[in-house]
Amino acid sequence: MGRLKNKLLLTSCGAVLFAFVHSGLFAQQYEFTGDLFLQGFVADGQNPFWDYSNTNGIVSEDTQFLAVLNAFYRTYLSELSDLEVGASFFTDIYSGGQNNLRANEYFVAWKWRNFRATAGARARPEQYMGISSVNGDMLWSNNARPMPGLEVGTVTPWQVLPWLGLEGALAHFWLDKDRYVTGAYVHYKYLALNFRTSENSNLRIGLQHFAQWGGISPDFGAQTAGFSDYWKVFFGIAGAEALGIENDEPALGNHLGSYQIKYRQELNNGAFSLYHQHIFENSEGLKFQNFPDGVWGIFWELPDYSAVRGLIYEFVHTKDNNAPSSPLDPQDYFNPYIYESGWTYKSRGLGVPFLIPSSPTDPAFLNNRVIAHHLGTRISSFDELWDFRLMGSYVINKGRWDVPFDPEESVFYGHARRRRLINDNMQAGFTIGTDISNVNQDNFAISFSFKYLIGGRLRIVPEEL
């Protein structure tokens, strides 16, 4: 498995180099874009929360300067299929020194009709115009760097009936070695039904499932990772709750998932969406006994002629965690018993960014019981030369059931970003952020950014996905 992971990186990078050479031969059959992004931070304390959260894990609390180089290439094989390769590299300077150049994305993807197969590490697409606190998914946001792996799934719903579309994916990912359990895997799958409830409305109901499995634990040794074990992980057999020891043997894998429901209504001008994601880590969560834990949200997308392009409100609730009064112990979200590095990658939480990881070992999260209210908006000029992103989050951090915070922390995370196009290829940005806490030090920072694009035209206003 480790050799295959290295081959994925080499293959993806080689494909990008091939794309540079190949691009001169088929001028009408390909698209190439590359860009250089630079950002500098001036902070009083550490960088504020929204300066480093949901940034694909490339910005940290201590980043002072960031440089990112991206290159993406797509060639059209036919009217129904295309091949895409991409790579992204970054380096940063922080108060303690300078990091080496690291790969963030590296992938090869083949698309045919509604389906796509991807090999490598690819970031999740931006959802809800970049103003959602969880980027549309409380378990798999863009808070951490993308995991390398193999994935097949739908790009858009596969319309099996005029009123029914199907979405789905199946994937196998590798976690990094700098963890408590080294060499572990992540199994992922999801299935969603899209019901066309009227000419202008759609109801989406889905279920997604993740499982950490395999690897070598310093406490329990090598975890079973054979082909027969994969099917046990796939169906959640022998360790579906993954919270401890079963029959004196380590439970097979750490399982977590979510139910998802979303209703979208098209309006004469714009659209609005109502959505909920319910988290579960054991059978009690599957039965909604941890209700109302999850994310509740409403998103309003406004028409092109409106200065305000999008508005969002999200309520994030993970306080229940199956309270100790329940028949089982608390779920202790994202802090599994065997996989003590938790639901993290490269020491960053993979899901809700408000649940901040503490260390690479047990417990991975010191704080996984939160109540958060989040507001965000995108505003742009009518000529689309500049835009604003404004976000504010009020969060109550309660710690864990076993080790509650005393006192609880009430904190406000504020963020304002302005970007302006200099021309079709250059963009400048300015950001102000602040954290105001009743317990910890307040933080304030400003940052300046510059982006130069090759092979395309910059757009300041995102499309809703």
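Up top you'll find the structure we're talking about.
Worth saying up front: this structure is predicted, and the values here are computed from it rather than measured.

Draft legend 1. Fine view of the nonpolar core. Leu-139, Met-147, Tyr-188, Phe-210, Phe-334, Trp-343 and Phe-354 are the most contacted members of the largest nonpolar core, which totals 62 residues. In terms of residue count, strand β10 (residues 185-198) provides more of this core than any other element does, five residues in total. Residues within four places of Leu-139 in sequence aside, it is in contact with Gln-208, Phe-210, Leu-256, Gly-257, Ser-258, Ile-279, Phe-334, Trp-343, Leu-350 and Gly-351. Among the nonpolar cores identified, the runner-up in size contains five residues, and Phe-32, Tyr-73, Val-85 and Val-108 belong to it.

Draft legend 2. Quick peek at the environment of Arg-420. The topology assignment puts Arg-420 in strand β24 (residues 404-421). On the basis of relative accessibility, which here comes to 36%, the residue Arg-420 falls in the partly exposed class. Sequence-wise, Arg-420 and Phe-450 are 30 residues apart; in three dimensions their C-alpha atoms are separated by 9.8 Å.

Draft legend 3. Quick peek at the packing of aromatic side chains. Counted under the stated rule, the structure contains 33 aromatic pairs. Relative to Phe-288, the ring of Tyr-259 lies with its centre 5.0 Å away and its plane at 15°, an arrangement referred to as stacked. Pair noted here: Tyr-259 is in strand β16 (residues 254-266) and Phe-288 is in the loop between α4 (283-286) and β18 (294-301), with a separation of 29 residues, a long-range link. The ring centre of Trp-140 lies 3.9 Å from the NZ or CZ of Arg-124, which sits over that ring. Of note, Arg-369 hangs over the ring of Trp-401, and the distance from its end group to the ring centre comes to 3.7 Å.

Definitions and cut-offs
Residues numbered from 1 in each chain as written. Predicted model: local features only at pLDDT ≥ 70, side-chain atom pairs only at ≥ 80, totals over all residues. Heavy atoms only, no water. Core = buried A, V, L, I, M, F, W, Y, C linked by side-chain atoms within 4.5 Å. Buried < 20%, exposed > 50% of the residue type's maximum accessible area, 1.4 Å probe, protein only. Helix = DSSP H or I, 4+ residues; strand = E, 2+ residues; numbered from the N terminus. Contact = heavy atoms within 4.5 Å. Phe/Tyr/Trp six-rings, centres within 6.5 Å; stacked < 30°, edge-to-face > 60°. Lys NZ or Arg CZ within 6 Å of the ring centre and 35° of its normal.

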